[in-house]
Amino acid sequence: MRAKEKVGIKSYAGYVPRYRITPKEIGKVWGKDGETMGRGLRINSKSVPSPDEDVVTISTQAATWALERSKLDGEDIGAIYVGSESHPYAVKPTATIVGASIGATPLMTAADFEFACKAGTAGFQTCMGLVSSGMMKNGMAIGADTSQGAPGDALEYSAAAGGAAYIIGTEDLLAEINYTCSYTTDTPDFWRREGKKYPSHGGRFTGKPAYFKHITECTRNIMKESATTPEDYDYAVFHQPNGKFPVKIAGKLGFEKEQIEPGLLVTRIGNTYSGAVPLGLASTLDQSEPGDRILVTAYGSGAGCDSFDITVTDSIEDIKNDDIPSIQEVISDEEFITYSIYAKYRDKIEGGR
Amino acid sequence: MRDVAVIGIGETRIGELWDKSLRELGIEAGLKALQDAGVSGDEVGMLYVGNMSAGELINQEHIAPMIADYAGLDDIPAVRIESGGASGGMALAEGYMAVASGIDDIVVVGGAEKMTDVDDVIAKNILSSTADQEWEVVCGATFDSLHAMIAQYHMNKYRTTKEQLAEVIVKNHSNASKNPNAQYPREIPKKLVVNAPMVSDPLGMFDCAPLSDGGAAVVLCAADLVDSYEGKPVKIAGVGHGADHIAVHDRREIGTMKATRIAAEKAYDNAGIKPENIDFAEVHDNYSISEIMAIEDLGFFDKGEGGPATEKGKTALNSEISVNTSGGLKAKGQPVGAVGINQAVEAVIQLRDDAGDRQVEDAQYGMTHNVGGTGASAVVHIFERWSE
């Protein structure tokens, strides 16, 4: 898909909670060799939100920084879409709280999105449509999660927290989005039923027929549509549920390790779900130069992919020395915690307060 | 009683076959076998299907008529045979008897299991239900831990070592690396097996066979009619069943598998041969210890010598006796109810000289050994090269 008008990223910023826990620490509690599991998953540590952090606070922090970076005012934002699978409320939008917090309300539209780990990039596409059609000047898309892993489940070693916000517009772009495309099927690889605290998953079914198939198809599609090959891209960002999958899919599609390195955050912060690709792209943009081309493919269970073909503009230079922390700066602020503190922070202790 | 030959074989690839349902697995294997035999559907007298637990694994009972129906064989009577892990082998024995007795001239015997529609824990629990649910499983024993107890006992009594158990796995993976239908067609180093995460002491992850999806089928024909069909025949020279208490704790001796011994004795007697006549054997290696015990109980090695014999390479391809040339349950894969038929398919491939890189040279006799539960049922078949 290609917009009629030029469309792209005007600003972005990301936030990741500072607390970290290691797979070794988690494994200790469950009698598992967490260190080996971590090596297998290529996850050294994962981020943990504090008791006062949730998708609203993570989104608000990222949105505040993105707005500040853009030099726009809150009322310049015509839409806010927050993609997450851990919205604090089942009914009551995250996006309205974020909108009020950054001064964008009331003359705006807002909604929460859910598409497992790709709800954030679904917001990108919605905003692209709204701004390129001229219905509004700027839209904000946020992907953020405080993802859940049941105690002792394999997911507990990777499920992390973080998010990033993007302002999508048609002028003053840091990066142009040349093409986008999606690939959607009904594939039940991972789900959480209404009212359930933790998700269920199909084990290895989440791999080959889910993550790998969808990313392969969607990425090949966008390269076909944009008539590009992996060599045309300086960087690539793939969804990163662990450190193994994105490296494997990159290799399979013909990308080099160096191309995905700047966006590969999962080894340090774990799987931030809806935040994963937005954060990975933000980290890549932080390190990019004018003219760099970036291929992005987000994956969401259930299942689908959104791909983007992005070219960085000269304006990227203007934000290099601004006051907004880079993703690397954000994630370098780390404090490691024990499983008992983690259990308290993640509300895993019944009756705890 | 008439002589019986296998004149057609077919099997699916074994693995986590996400895009194939049970009926598709059954149909694919069955149609391949009919095609290989050159038999048309209306010539088939009966369809037997070995299957352990479709009811629990995919919520479908009455699977034999279902598979026949979807294969376009809806006029053919079909029945499912269940005997835990020995379901496939028991189905083969039923088919053999139908033809040998003269009731039918041609029967199809298939086996199929779809195990990956439920998660690993549920599948393992279902497998454990082939042990004694009321007196073993409810008390906390699992299929893995029961085999671990057997392994502990064998190690204690015969000084079998963990290294010797690992040799079984290394060999079977090496054989599977030459089998295009295998789930794990690759060699693995012994270090990986020995150092793998523990499942139930002394059995580590690699000591245990996977739970797989797969289907296999054979076409059986009265020996005096084989000339009417294209399929290259292999004779079924002997069949034997054996049985024992279902619960491990009720058995007099757990370092040997009584059901296997009895089944083997009957099969040897039936075929008129001795263990030393067997050139290759597909044995039920659902755990590494199971193969060690099997090669002793089938009479290939003295009791307690299974470990050392394996370590010395006596069971490797084209050595003293080639054991699990297909890769076995461990590396070819374990679609439980299909296993007995997968084993028969391998025996036929070997005796037709079609095994390629894993061919056993000058093989005259091959054996298949299929076990249900922890050893409450066992069935042994002896296959013989066809002579005009």
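Residues numbered from 1 in each chain as written. Chains lettered and ligands numbered in written order. Predicted model: local features only at pLDDT ≥ 70, side-chain atom pairs only at ≥ 80, totals over all residues.

*Asks:* I'd like a description of helix H7 (residues 244-253) of chain A, backed by residues and values.
*Replies:* Residue and element names in this part refer to chain A. Where H7 is concerned, the buried positions are Phe 245, Pro 246, Val 247, Ile 249 and Ala 250. Contact partners of the buried residues in H7: helix H6 (207-225), strand S11 (235-238) and helix H8 (257-260). Just beyond H7, the residue with positive phi is Gly 254, at close to 95 degrees. (Buried ≥ 20, exposed ≤ 12 C-beta atoms within 10 Å, placed from the backbone. Helix = DSSP H or I, 4+ residues; strand = E, 2+ residues; numbered from the N terminus. Contact = placed C-beta atoms within 7 Å.)

*Asks:* Can you tell me about the domain arrangement of chain B, naming the residues and giving the values?
*Replies:* All names here are of chain B. Taken domain by domain, chain B comprises domain 1 (4-118 + 211-234) and domain 2 (130-209 + 243-385). For domain 1 versus domain 2, the separation of C-alpha centres amounts to 23 Å. Domain 1 puts 36 residues into the contact, and the matching count from domain 2 is 34 residues. Sorting the residues of the side of domain 1 that touches domain 2 by element identifies strand S1 (4-11), helix H4 (87-100), strand S4 (106-113) and strand S7 (214-222) as the ones contributing at least two each. (Domains from an automatic or database assignment.)

*Asks:* Quick rundown of the sheet that holds S11(A)? Include the residues and the values.
*Replies:* Residues and elements named next belong to chain A. Pairing within the open sheet is mixed, and its nine strands lie in the order S5-S4-S6-S7-S1-S8-S13-S12-S11. Pairing within the sheet leaves two strands with one partner each, and these edge strands are strand S5 (109-113) and S11. Averaged over all adjacent pairs, the angle separating strand axes in this sheet is 20 degrees, with direction ignored. Note that S11 and strand S12 (residues 293-300) share four bridges and pair parallel. (Pairing = 2+ DSSP bridges. Axes fitted to C-alpha atoms, helices over the stretch in contact; angles between N-to-C directions.)

*Asks:* Describe the confidence of the model for chain B, listing the residues and the values that go with them.
*Replies:* Scored by pLDDT, chain B has a mean of 97; 100% of the residues are at 70 or more. The ipTM for the predicted assembly is 0.71, set against a pTM of 0.86. (pLDDT = per-residue confidence, 0-100.)

*Asks:* Report on the interface of chain B and chain A, specifying residues and quantitative values.
*Replies:* Facing six residues of chain B, the contacting portion of chain A comprises six residues. When its residues are assigned to classes, the side of chain B that touches chain A shows two nonpolar, no polar and four charged. (Nonpolar A, V, L, I, M, F, W, Y, C, P; charged D, E, K, R; others polar.)

*Asks:* Before we move on, can you summarise the sheet that holds strand S2 (residues 19-21) of chain A with the specific residues and values?
*Replies:* Residues and elements named next belong to chain A. In space, the three strands of this open sheet follow the order S3-S2-S14, with mixed pairing throughout. This sheet does not close on itself; its edge strands, each paired only once, are strand S3 (46-48) and strand S14 (335-336). Strand direction decides the pairing type here: S2 and S14, joined by two bridges, are parallel. Paired with Arg 20 across the bridge in S14 is Phe 336.

*Asks:* Lay out H4(B) with the relevant residues and their values.
*Replies:* Residues and elements named next belong to chain B. End to end, H4 covers 20 Å across 14 residues, agreeing with the expected 20 Å (1.5 Å per residue, within 8%). H4 sits mainly inside the fold: eleven of its 14 residues count as buried. When we look at burial in H4, the residues that qualify are Ser 87, Gly 88, Gly 89, Met 90, Ala 91, Leu 92, Ala 93, Gly 95, Tyr 96, Ala 98 and Val 99. Just downstream of H4 lies Gly 102, where phi reads positive at about 95 degrees. (Expected span 1.5 Å × (residues − 1).)

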